[in-house]
Amino acid sequence: MRVCGIVGYVGHRPALDVVLDGLRRLEYRGYDSAGVAVIADGGLAVERKAGRLANLEARLDEVGRDGFAGTAGMGHTRWATHGAPVDRNSHPHRDVSGRVAVVHNGIIENFIALRAELEAAGIEFASDTDSETAAHLVARAYAEGDTAGDLPASVRGVCRRLEGAFTLVVTHADEPDLIVAARRSSPLVVGIGEGETFVASDVAAFIEHTREAVELGQDQLVVITRAGYEVVDFHGETAPVKPFTVDWDLSAAEKGGHEYFMLKEIDEQPTALADTLRGHFVGGRIVLDEQRLSDQDLRDVDKVFVVACGSAYHSGLVAKYAIEHWTRLPVEVELASEFRYRDPVLDRDTLVVAVSQSGETADTLEAVRHAREQKARVLAVCNTNGAQIPRESDAVLYTHAGPEIGVASTKAFLAQIAANYLVGLALAQARGTKYPDEVAREFHELEAMPEAVRRVLGCTARVQELGRELSDAKAVLFLGRHVGYPVALEGALKLKELAYMHAEGFAAGELKHGPIALIEPGLPVVVVMPSPKGRAVLHSKLVSNISEIQARGARTIVIAEEGDETVLPFADELIEVPAVPTLLQPLVSTVPLQILAAEIARSRGYDVDKPRNLAKSVTVE
Ligand code: F6R
């Protein structure tokens, strides 16, 4: 099982360069191993290496790149869950003759039976992977029978035999002018250039060369050549496709002078918020991007579930406060991986909001499918145009955060909060629980947030300095109340995943029910304060919580509204954020926590953009 980056190319440039550049931009999808195959000199030149792409490049320098002088090729970066990330399990995998190469993302569920069949026919496997079966099957289909000498037909036949989720890219040394790719489940896009065509798991791989793209649907196969592409289903029938133009360019996918992507993406948050809000308040009304639901359907909603994973789940926890307040509808927020296994009570009046940056997270996708089977309506909040989750939903609201390359979510998280709020306002508008002028006011308050976040970014250097001081801490606790509680959870998640440091977020009121026992002298505790004006009662309760932990020797790091003097005696470190309405506070208070986690990780010597054991899109359950 794996989540991987895939790229294929047929054109007029050196394929090795195009493929390596593409892999560099896809490395966020997995970095356990990398490999390339280029059709050259009547054969296939292949190199693969465990570890990061840099290892593969070093290996290519060692063996020399002369053998790779072709203009058709493909590559892969792998995130392994089964099978050690060693050279022999790295992609591309070849058949016995070495003339067929395959890269694969997903899992071939019936591979044990297929492997047994191939071994019984005398084929020796060179790896422990399920993917290698596809190489042998394609080679056999191309060598004999009805599909002999026809690579697309051979791949189609093999796809019909494979069970599970897979994206495959296949080359054959006998077919130097084409590459075949197939999709079931994990994403695949075609890039259309002048005299060159690309396939990749993500447009970032080819955005340098073209912004014209086509997203492949489920069970579709594409043949790419220099002249263009042809999409068919697994039975060879022409399949409908949806062309689109990518609305961001290469600079969005590059670091632009920042030391790492995550810092660039933290800095891009004001723009991400503004772009997410743009165009959603038209003629005094909130509008979604795609709505295959009637207004009556929205009016009939009697319960909302937000389903998501990780940071996206935290964005849902934030939104619950706003949606319940604005709509008076009960809102449950649930981890997508738990949702469908506990028989949630769903019917056609339930609105399930599926939040996913990638739009391809397997747990969230399965939750969407489960909800739709139970007749619930599904609204996707997604950052990736045309991804599977929005395709399978009844309505869509896109976050326009642009490509997020750093594995830890930052700008997508803030954009998700803003989009979830738009969903809440759309529901309030449809149900009439807010007057139009109230909806307008809430929207305009949201519109002021990009500027507020820009001001918070002014604290970057100061928070980084604090991060360096905390880099030796054994653990860090995060406390918050109300909308500050999910912010505390998000701050702890960032620190765990980036700095590999033990971190936990708590609802501050829970402290005395157990966690306070963790407090010991010197332990850093980050406290997310509410506004003293917005929710005075919460504020004073949190002030007592800080004084309790400070009395027990904790080092308190307080995120508080500018001018909040009551916290001064209790704050060993104070990070000030601008005053904003209560429900919007997470948009400002999360930002210092992102910067803090990134800097602690950097000063501990870790790769901020590619934390260990993680991948950006988790297309396995
Ligand atoms: C944490 C992080 C993950 C993702 C989660 C969901 O920084 O990035 O927790 O938020 O894997 O991913 P999407 O939003 O793509 O469904």
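For the structure itself, look to the data block above.
Because the structure is a prediction, the values reported are computed rather than measured.

Please clarify how the overall build of the protein chain should be interpreted in this entry.
Along the backbone of the protein chain there are 19 helices and 27 strands. For the protein chain, the C-alpha radius of gyration of 26 Å lies close to 25 Å, the compact-globule estimate for 621 residues. Overall, the C-alpha framework of the protein chain stretches about 80 × 55 × 45 Å when taken along its three principal axes. Within the protein chain, buried positions represent 62% of all 621 residues.

What's the story with the packing of helix α7 (residues 269–277) against helix α13 (residues 411–431) in this structure? I'm lost.
Between two packed helices, both the angle of their axes relative to each other and the distance between the axes serve to describe the pair. At a minimum axis separation of 9 Å, α7 and α13 run at an interaxial angle of 30°. Accordingly, the angle class assigned to the pair α7 and α13 is roughly parallel. When you trace α7 past α13, the crossing you get is right-handed. Across the interface between the two elements, Q269, A272, L273, T276 and L277 of α7 pack against K411, L414, A415, A418, A419 and L422 of α13. Along the lines of polarity and charge, the residues of the contact of α7 with α13 split into eight nonpolar, two polar and one charged.

Where do I start with the site of the ligand in this structure?
Lining the immediate environment of the ligand, one finds 15 residues, of which S356, Q357, S358, T361 and E497 sit closest. At 3.1 Å, a backbone N or O of S311 approaches an oxygen atom of the ligand. Contact distances for the ligand include 2.9 Å between an oxygen atom and a backbone N or O atom of S409. Coverage of the ligand by the protein chains reaches 89% of its 410 Å² of free accessible surface.

Would you mind showing me how to read the pattern of salt bridges here?
Where side chains of opposite charge bring their charged atoms close, a pairing between them can arise. Under the counting rule described, the total for this entry stands at 41 salt bridges. The partner of D21 in a salt bridge is R24, with the nearest N and O atoms 2.6 Å apart. One end of the pair is D21 and the other is R24, both in helix α1 (residues 15–26) and three residues apart, which spans about a single turn. By relative accessible area, D21 is classed as partly exposed at 22%. When its relative accessible area of 40% is taken as the criterion, R24 is described as partly exposed. Between R602 and E259 there is a salt bridge, with its nearest N and O atoms 3.8 Å apart.

Looking at this structure, how should I read the sheet that holds strand β8 (residues 179–184)?
Working definition: the strands of a sheet are paired by backbone hydrogen bonds and lie parallel or antiparallel to each other. Sheet architecture is open: six strands sit in the order β5-β6-β7-β8-β12-β13, paired in antiparallel fashion. Edge strands, defined here as strands with exactly one partner in the open sheet, are β5 (93–94) and β13 (228–233). The pairing of strand β12 (residues 220–225) with β13 spans six bridges and is classified as antiparallel. Following the sheet pairing, I224 is matched in β13 by Y229. Across the sheet, helix α4 (residues 131–143) is in contact with β5, β6 (100–108) and β7 (164–172); its angle to β6 comes to roughly 130°.

I keep staring at the environment of L584 and nothing clicks. Help me out?
Here L584 lies in the loop between β27 (573–577) and α19 (585–603). In the structure, L584 is positioned 315 residues away from Q269 in sequence and 14 Å away in space, judged by C-alpha atoms. Not counting residues within four places of it along the chain, the set of residues in contact with L584 comprises Y421, E445, L446 and M449.

I'm lost on α1 in this one. Help?
The terminal C-alpha atoms of α1, which comprises twelve residues, lie 16 Å apart, in line with the 16 Å expected from a rise of 1.5 Å per residue. With nine of twelve residues buried, α1 is to be regarded as a mostly interior element. Taken together, the buried positions of α1 are occupied by A15, L16, V18, V19, L20, G22, L23, R25 and L26. Contact partners of the buried residues in α1: β1 (5–10), β2 (33–40), α2 (53–63), β4 (72–78) and β10 (197–200).

Before we go on, may I ask you to explain the sheet that holds strand β23 (residues 475–480) in this structure?
Read across the sheet, five strands follow the order β24-β23-β25-β26-β27 without closing on themselves; strand pairing throughout is parallel. With partners counted over all chains shown, the strands left at the sheet margins are β24 (502–507) and β27, one partner each. Ignoring strand direction, the axes of neighbouring strands in this sheet form an average angle of 20°.

Just to check I follow, could you spell out the nonpolar core for this structure?
One recurring pattern in soluble globular proteins is that nonpolar side chains are buried together. In terms of nonpolar packing, the biggest core is built from 91 residues, with Y421, L427, F478 and L495 touching the most fellow members. Element by element, the count of residues in this core is highest for α13, at 13 residues. Each of domain 2 (255–447) and domain 3 (457–603) accounts for three or more of the residues forming this core. Listed in part, the 37 residues of the second largest apolar core include Y9, L16, V203 and A252.

Even after reading the chapter, I still don't get the pairing of strand β22 (residues 395–398), so can you show me in this structure?
Every other side chain in a regular strand lies on the same face of the sheet, so the side chains alternate between the two faces. The alternating pattern of β22 places A395 and L397 and V396 and Y398 on opposite faces, both of which are buried. Relative to β22, strand β17 (residues 290–291) runs antiparallel, the two sharing two bridges. The partner of E290 across the bridge, within β22, is V396. With four bridges joining them, strand β21 (residues 377–382) and β22 adopt parallel strand pairing. Within the sheet, the bridge partner assigned to A380 lies in β22 and is V396.

Explain unusual backbone geometry here, please?
A negative phi holds for most residues other than glycine; trans holds for most peptide bonds. For the bond running from H91 to P92, omega is 0°, close enough to zero to count as cis. One non-glycine residue, D219, lies in the positive phi region at around 55°. Following the sequence through the fold, D219 ends up in the loop between β11 (212–215) and β12. Here R328, not a glycine, exhibits a phi torsion of approximately 60°, which is positive. The residue R328 is located in the loop between α9 (310–327) and β19 (331–335) in this model.

What is the right way to read the environment of A362 from this model?
Its place among the elements puts A362 in helix α11 (residues 362–373). By relative accessible area, A362 is classed as buried at 11%. C-alpha separation for the pair A362 and A376, spaced 14 residues apart in sequence, amounts to 19 Å.

Before we go on, may I ask you to explain the packing of aromatic side chains in this structure?
Each aromatic ring pair is specified by the distance between its two centres and by the angle formed by the two planes. Following the criterion strictly, the structure yields seven aromatic pairs and no others. On the basis of an interplanar angle of 45° and a centroid distance of 5.1 Å, the ring pair of Y9 and F198 is categorised as tilted. Taken together, the residues Y9 in strand β1 and F198 in strand β10 connect sequence positions 189 residues apart. Summarising the burial analysis for this pair, Y9 and F198 share the class buried. With a centroid separation of 5.3 Å and an interplanar angle of 70°, the aromatic rings of F305 and F339 are classed as edge-to-face. A residue pair is termed long-range when its members are at least 10 positions apart, and F305 in strand β18 (residues 303–308) and F339 in helix α10 (residues 336–339) qualify at 34 residues.

Could you clarify how one ought to interpret the pairing of β6 in this entry?
A large share of β6 lies buried, amounting to nine of its nine residues. Sheet analysis places β5 next to β6, joined by two bridges and oriented antiparallel. When the sheet's bridge partners are listed, R94 is paired in β6 with A101. Here β5 folds back onto β6, and the loop between the two strands holds five residues, one of which, G98, carries a positive phi near 75°. In this structure, β6 lies alongside β7, joined through nine bridges in antiparallel fashion. Paired with V102 across the strands is V170, a residue of β7.

Criteria and cut-off values
Residues numbered from 1 in each chain as written. Predicted model: local features only at pLDDT ≥ 70, side-chain atom pairs only at ≥ 80, totals over all residues. Heavy atoms only, no water. Helix = DSSP H or I, 4+ residues; strand = E, 2+ residues; numbered from the N terminus. Rg over C-alpha atoms; globule rule 2.2 N^0.38 Å. Buried < 20%, exposed > 50% of the residue type's maximum accessible area, 1.4 Å probe, protein only. Axes fitted to C-alpha atoms, helices over the stretch in contact; angles between N-to-C directions. Parallel < 35°, antiparallel > 145°, perpendicular 65-115°, else oblique. Left-handed = near helix turned anticlockwise from the far one by under 90°. Contact = heavy atoms within 4.5 Å. Nonpolar A, V, L, I, M, F, W, Y, C, P; charged D, E, K, R; others polar. Near = heavy atom within 4 Å. Polar contact = N/O pair within 3.5 Å; in protein donor to acceptor, adjacent residues only side chain to side chain. Areas by Shrake-Rupley, 256 points an atom, 1.4 Å probe, with all protein chains shown as cover. Salt bridge = Lys/Arg side-chain N within 4 Å of Asp/Glu carboxyl O. Pairing = 2+ DSSP bridges. Expected span 1.5 Å × (residues − 1). Core = buried A, V, L, I, M, F, W, Y, C linked by side-chain atoms within 4.5 Å. Domains from an automatic or database assignment. Phe/Tyr/Trp six-rings, centres within 6.5 Å; stacked < 30°, edge-to-face > 60°.

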